[in-house]
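What the coordinates show
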Amino acid sequence: MSYNIVVLVEEPVSDWDARQIVALHADTPEPVRYHVLIPVEDAASRVESTIGSLAASEVMGTAAMYVDEADLERVHEEIRAASKRSLAQSLEAFAKAGAQAGGEVTATDPLDRLCALSQECGAAEIIILTRPHVIAELFHVDWTARARRRLKVPVLHLLARGEPDWESEVEAGHAAEAEERARRETNGGAAGTTSGTA
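The structure contained in this document is the topic of the report that follows. (Residues numbered from 1 in each chain as written. Predicted model: local features only at pLDDT ≥ 70, side-chain atom pairs only at ≥ 80, totals over all residues. Heavy atoms only, no water.)

Close approach of charged atoms allows side chains with opposite charge to pair. What the rule picks out here adds up to six salt bridges. Here arginine 80 and glutamate 77 are joined by a salt bridge, their closest N and O atoms 1.9 Å apart. Of this pair, arginine 80 and glutamate 77 both sit in helix 4 (residues 69–96), separated by three residues, roughly a single helical turn. In this structure, the salt-bridge partner of lysine 96 is glutamate 92, at a minimum N-O distance of 3.7 Å. Placement of both lysine 96 and glutamate 92 in helix 4 is noted, with a separation of four residues, approximately one turn of the helix. Using a relative accessible area of 56% as the deciding quantity, one classes lysine 96 as exposed. Given the relative accessible area of 46%, glutamate 92 is considered partly exposed. Connected through shared salt-bridge partners, Asp15, Glu92 and Lys96 make up one network. (Salt bridge = Lys/Arg side-chain N within 4 Å of Asp/Glu carboxyl O. Helix = DSSP H or I, 4+ residues; strand = E, 2+ residues; numbered from the N terminus. Buried < 20%, exposed > 50% of the residue type's maximum accessible area, 1.4 Å probe, protein only.)

So, in structure tokens, the structure goes:
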């Protein structure tokens, strides 16, 4: 029997994120299997938002835009293809981390499919991985809250993060330490000068 985990993501899982997720279950006695779920963005919504962002140009004298069904279907196909590539990249990241993973893309409401998939595979837990941007975080934190209300399994919300640049972080730390030493020396020297003239 395997320990099934459904991972709902909004963008491809990076190698770093896959390693971090797999590390959470390193001591699980049963074999762990991840089920990656990627929502397909709605093509009509994307076209509408693009047109909406161009609405200001209409005020400037641009002709009104018309999007026919063929264009909408082409955009939809591009989005589906991108979602499938995202899924393949995510599954590859889990494979590199030594984990068993399968997955799917869904055009239905992500939470509805998450709940159905959790029941289908007998999920022991759910992981929701979202972008770290503040606006995206506020928007998608609702996925986690809604999933917790609807499911009777633990739901963990993680923020996606790429591989950290340890060298840059170390260099930034050294620069901060040097700046602090310089500040102390400047303040210490000024205090010594003042006490010497008193």
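This part covers the pairing of strand 2 (residues 32–39). Taking burial as the measure, the eight residues of strand 2 include seven buried ones, the bulk of the element. Here six bridges tie strand 1 (residues 3–9) to strand 2, and the two strands are oriented parallel to one another. Looking at strand 2, one finds that valine 7 is bridged to valine 36. Read from strand 1 through helix 1 (residues 15–24) to strand 2, the crossover connection turns out right-handed. In the sheet, strand 2 pairs with strand 3 (residues 100–106) via seven bridges, with the strands oriented parallel. From the neighbouring strand, tyrosine 34 faces strand 3, where its bridge partner is alanine 101. (Pairing = 2+ DSSP bridges. Right-handed = clockwise from strand over helix to strand, strands pointing away.)

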